[in-house]
Protein chains: 2
Amino acid sequence: MSATIKDVARIANVSPSTVSRVIADSPRISKETKLRVEQAIKELNYHPNIIARSLANKSTKIIGLIIPNTSEDLFKNPFFIQVMTGISIYAQKKGYYIMYSYSKKENEEIKFLKNYSNSKLVDGFILLTSKKDDKCIEFLKKNNYPFVVVGRPEDTNKVSWVDNDNFKAMYGVVNLLIQKGHNSIAFIGGPKQFNMSKDRLEGYKKALDVHGVYIDDKMIEQETNFTESCGFEAMNRILSYKIPSAVVTTDDLLAFGALKAINERTCQKIAIAGFNNIPLAAYQNPPLSSVDINAEELGYNAAKLLIGKLENELLTTNHYIVETKFIERESTL
Amino acid sequence: MSATIKDVARIANVSPSTVSRVIADSPRISKETKLRVEQAIKELNYHPNIIARSLANKSTKIIGLIIPNTSEDLFKNPFFIQVMTGISIYAQKKGYYIMYSYSKKENEEIKFLKNYSNSKLVDGFILLTSKKDDKCIEFLKKNNYPFVVVGRPEDTNKVSWVDNDNFKAMYGVVNLLIQKGHNSIAFIGGPKQFNMSKDRLEGYKKALDVHGVYIDDKMIEQETNFTESCGFEAMNRILSYKIPSAVVTTDDLLAFGALKAINERTCQKIAIAGFNNIPLAAYQNPPLSSVDINAEELGYNAAKLLIGKLENELLTTNHYIVETKFIERESTL
DNA sequence: CTGAAAGCGCTTACAG
DNA sequence: CTGAAAGCGCTTACAG
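Rules and cut-offs
Every residue gets a number counted from 1 within its own chain, in the order that chain's sequence is written. Think of it this way: whatever chain is written first is A, whatever ligand is written first is 1, and the rest follow in order. Given that this is a predicted model, residues contribute local features only at a pLDDT of at least 70 and side-chain atom pairs are listed and counted only at 80 or more, while totals for whole chains, interfaces and linings are drawn from all residues. Remark: hydrogens and water are excluded; side-chain values derive from all non-hydrogen atoms of the structure. Only a single heavy atom is needed: when it lies within 4 Å of a molecule or strand, its residue is near that molecule or strand. Polar contacts here mean pairs of N or O atoms no more than 3.5 Å apart (in protein, one a potential hydrogen donor and the other a potential acceptor; neighbouring residues in sequence count only if both atoms are side-chain atoms). Numbering goes from the N terminus for both helices and strands, where a helix is a DSSP run of H or I of at least four residues and a strand is a run of E of at least two. UniProt positions are given in the numbering used here, feature names are shortened, and annotations may be inferred rather than shown by experiment. The superposition of copies rests on a least-squares fit of C-alpha positions from residues with pLDDT of 70 or more in both. Any two residues whose heavy atoms approach within 4.5 Å are treated as being in contact. In summary, the pairing rule links any two rings of Phe, Tyr or Trp, Trp by its six-membered ring, whose centres are within 6.5 Å, and it sorts them by plane angle into stacked for under 30 degrees, edge-to-face for over 60 and tilted for everything else. The classification of residues rests on relative accessible area computed with a 1.4 Å probe and restricted to protein chains. Under 20% of the type maximum is buried, over 50% is exposed, and intermediate values are partly exposed. In this scheme, the term charge over a ring applies when either NZ of a lysine or CZ of an arginine sits within 6 Å of the ring centre and within 35 degrees of the ring normal. Buried area, as used here, totals the accessible surface that two parts lose on assembly, with accessibility defined by a 1.4 Å probe and the loss added over both. By salt bridge we mean one thing: a side-chain nitrogen of Lys or Arg within 4 Å of a carboxyl oxygen of Asp or Glu. In the scheme used here, Gly and all other residues not listed as nonpolar or charged are polar, with Ala, Val, Leu, Ile, Met, Phe, Trp, Tyr, Cys and Pro taken as nonpolar and Asp, Glu, Lys and Arg as charged.

Trainee: Help me out: how do you make sense of the protein's contact with DNA strand D in this one?
Mentor: Taken together, 25 residues surround DNA strand D, and among them S20(A), R21(A), T18(B), R21(B) and T33(B) come closest. Between DNA strand D and the protein, one listed contact pairs a base nitrogen with a backbone N or O atom of A52(A) at 3.3 Å. At 3.4 Å, a backbone N or O of A56(B) approaches a base oxygen of DNA strand D. Among the secondary structure elements, those contributing two or more residues to the surface near DNA strand D are α2 (16-23) and α4 (50-57) of chain A together with α2 (16-23) and α4 (50-57) of chain B. Considering every element that reaches the surface near DNA strand D, the biggest residue donor is α4(A), with four residues.

Following this line, the structure appears as structure tokens:
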């Protein structure tokens, strides 16, 4: 059996309360007793029982995470594991723990949230993704449970979130292409129910607009999934209409599919840019330029925001914007 | 404030002990009181406090996981997230929780293990990887903490593990190549301190041996890292010695590097096979054949083994072998 | 500066 | 079949 606070108290000849205070680094403890207690702690190799502490404190310092099963590219896209490492780095720094859960069944997320919150297991949640009319956000809001969302949700009222500036990122890519002389730029986007889809589309339109380039709706495709086959189909529809000089996409997998369509249908060089900069991007033919979204930093900031809330810090903000970086490769050279 | 067991007891007009027994589904409770208690639970929307239960039970039903920082390809290889999903699926089925930790600093693993075990936070650990003379295994063994290792460790005495049959998998690949008529097959392996490295090398040698093919040590390269550049260097050394008709590798990244060297130095077609079947494999030029190791299944079985131990089941085995599958693509056709 | 006591919300051996 | 009581290992308001 390992030592408890009582054992330490006995050895140090003080009361358990005092030991507890020494551990908590309470200011009103004399130097000597503090030393005596520390001595005893070392002697017994004592370590506080976190569970007992949690019960007394009514706080577990555990953050809950749900790994979404709806993501097409959980295994192709390192986004989630990157976010998770970022979260861990900050959490660890602050003495917090992280619990995750994954399920194959659709919509089990809400079940986990309920389980974790009802049983008082976690102090708060980080949602790794946010959909339109997100049930999880709704649930957490209604129950007043602390949480942070990765990806700006539709309704930011009373929710904390971290995200990239998707408008700016896409604006930058299109702007760059225009400056390189491209005047006919197509757009292939993902599901409309994601906010980032809209933001990226807006960025595309704005850049064209600013440069006085006509916005042709037939050059804009919005897919229902972030998959290669969707990108392939979309590109084919665009090519049937007109051959653009460049195409921007809101996801690397969409770009892969588009690239395949381009390589199959035409020998003309069409510039193409992806989004997310997954490892596969560098291996395309030609290597794909892509926007790096710095997923680890997103996770890090999500943890920072949540823990700030949990510790009742006076937060000056309810969100963080993480910088993106356009990684240029052959596909846009 | 949410309801406690006392509130339920009051409403149902029984003692807290009885409520507890109903929740635990104890057999010696009368039908009627059981119904009354269940009614009260529903009425109050009562959910047991897991932390309090953990303290009373001296068991948290939490499994600890350390995401290794030493892995070259945490983000390129979905291995870890796949193992993690597999673990979660089984754990969830059994009512267990999973905690993970990641750190950028080398060798912080042991610090986490100590923290998690000393503070009685977790009931057991799953090690996602095992090195030679693994400090973590040593520590857990010494402290008699329940754990399971993914990947057969050097010394299997008193340790539970899950793994593929790496010998058999590589034997199968080489055997297939020989049957296709290859008679000069090179081998590029990873760090020697991993057991799987040895097993795969043995499989390679055995297959040659069985077919009476001479084993040429100069055709065998063992690298210090699972990186493309290592694969590139190794292949160049082999090519400088002799041009093989095929090359097998123990990791896809090694194969990518080797492929690059081949494409640069010779126009001859050299068959090549990878290992792990990461998503990038299908995107090589030519698409790379590779051994799929079924990482999710590894995780699932690791959780099964650990939870079996924790629940004192009479385990008939201390390990599971997960099947591999050779995914053939153009590179070996 | 320190201690005795109550409390966090459960479980379970003991008694009936 | 059910309850009173003790216990899990901490924290902290209260008193001195």
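Alright, that's what it looks like, and here's the rest.
Trainee: Is there a simple way to think about the UniProt feature "domain: HTH lacI-type" (unreviewed entry) in chain A in this case?
Mentor: Residues annotated in UniProt with the feature "domain: HTH lacI-type" (unreviewed entry) correspond here to residues 3-57 of chain A. End C-alpha atoms of residues 3-57 of chain A are separated by 20 Å, and the span's content is 69% helix alongside 0% strand.

Trainee: It is not clear to me how the relation of the copies chain B and chain A should be interpreted in this structure. Could you clarify?
Mentor: Relating one copy of the chain to the other takes a rotation about an axis and a shift parallel to that axis. With an RMSD of 0.1 Å, the operation that places chain B on chain A is a rotation of 180 degrees combined with a shift of 0.1 Å along the axis. What the rotation and shift describe, once combined, is the action of a two-fold rotation axis. Among all C-alpha atoms of chain B, that of M99(B) lies closest to the rotation axis, at 2.1 Å. A share of 100% of the interface residues of chain B reappears at the interface of chain A, consistent with the copies meeting face to face through the same patch.

Trainee: What is the right way to look at the packing of aromatic side chains in this model?
Mentor: Each aromatic ring pair is specified by the distance between its two centres and by the angle formed by the two planes. Per the counting criterion, the structure on display carries 19 aromatic pairs over all chains. The interplanar angle of 65 degrees and the centroid separation of 5.6 Å between the aromatic rings of Y116(A) and Y97(B) together place this pair among those described as edge-to-face. Residue Y116(A) is located in helix α6 (residues 109-118), and its partner Y97(B) is located in strand β2 (residues 97-102); the two belong to separate chains. For Y116(A), a relative accessible area of 3% translates into the label buried. Residue classification places Y97(B) among the buried positions, given a relative accessible area of 8%. Feature note: the residues Y97(A), F112(B) and Y116(B) constitute an aromatic cluster, connected by ring pairs. Positioned above the aromatic ring of F232(A), the side-chain terminus of K260(A) is 5.1 Å from the ring centre. Between K309(A) and the ring centre of F147(A), over which it is positioned, the NZ or CZ distance is 5.7 Å.

Trainee: Is there a simple way to think about the interface of chain B and chain A in this case?
Mentor: One widely used convention gives an interface's size as the accessible area the parts lose upon coming together. The interface of chain B with chain A comprises 50 residues on the first partner and 50 residues on the second. Between chain B and chain A the total buried area reaches about 4,500 Å² when both faces are included, carbon and sulfur atoms providing 66% of it. If you sort the residues of chain B by the area they bury against chain A, F75(B), Y100(B) and Y283(B) come out on top, with a joint share of 18%. There are two salt bridges connecting chain B and chain A.

Trainee: Can you walk me through the protein's contact with DNA strand C in this structure?
Mentor: Taken together, 25 residues are adjacent to DNA strand C, and T18(A), R21(A), T33(A), S20(B) and R21(B) come closest. Here, DNA strand C places atoms within 4 Å of the protein, and 65% of those atoms are sugar or phosphate. A distance of 3.1 Å separates a phosphate oxygen of DNA strand C from a polar atom in the backbone of S30(A). The side chain of T33(A) places a nitrogen or oxygen atom 2.8 Å from a phosphate oxygen of DNA strand C. Mapped by element, the contributors of at least two residues to the surface near DNA strand C are α2 and α4 of chain A together with α2 and α4 of chain B. The element best represented in the surface near DNA strand C is α4(B), accounting for four residues. Among the residues forming the surface near DNA strand C, the class breakdown is nine nonpolar, 11 polar and five charged.

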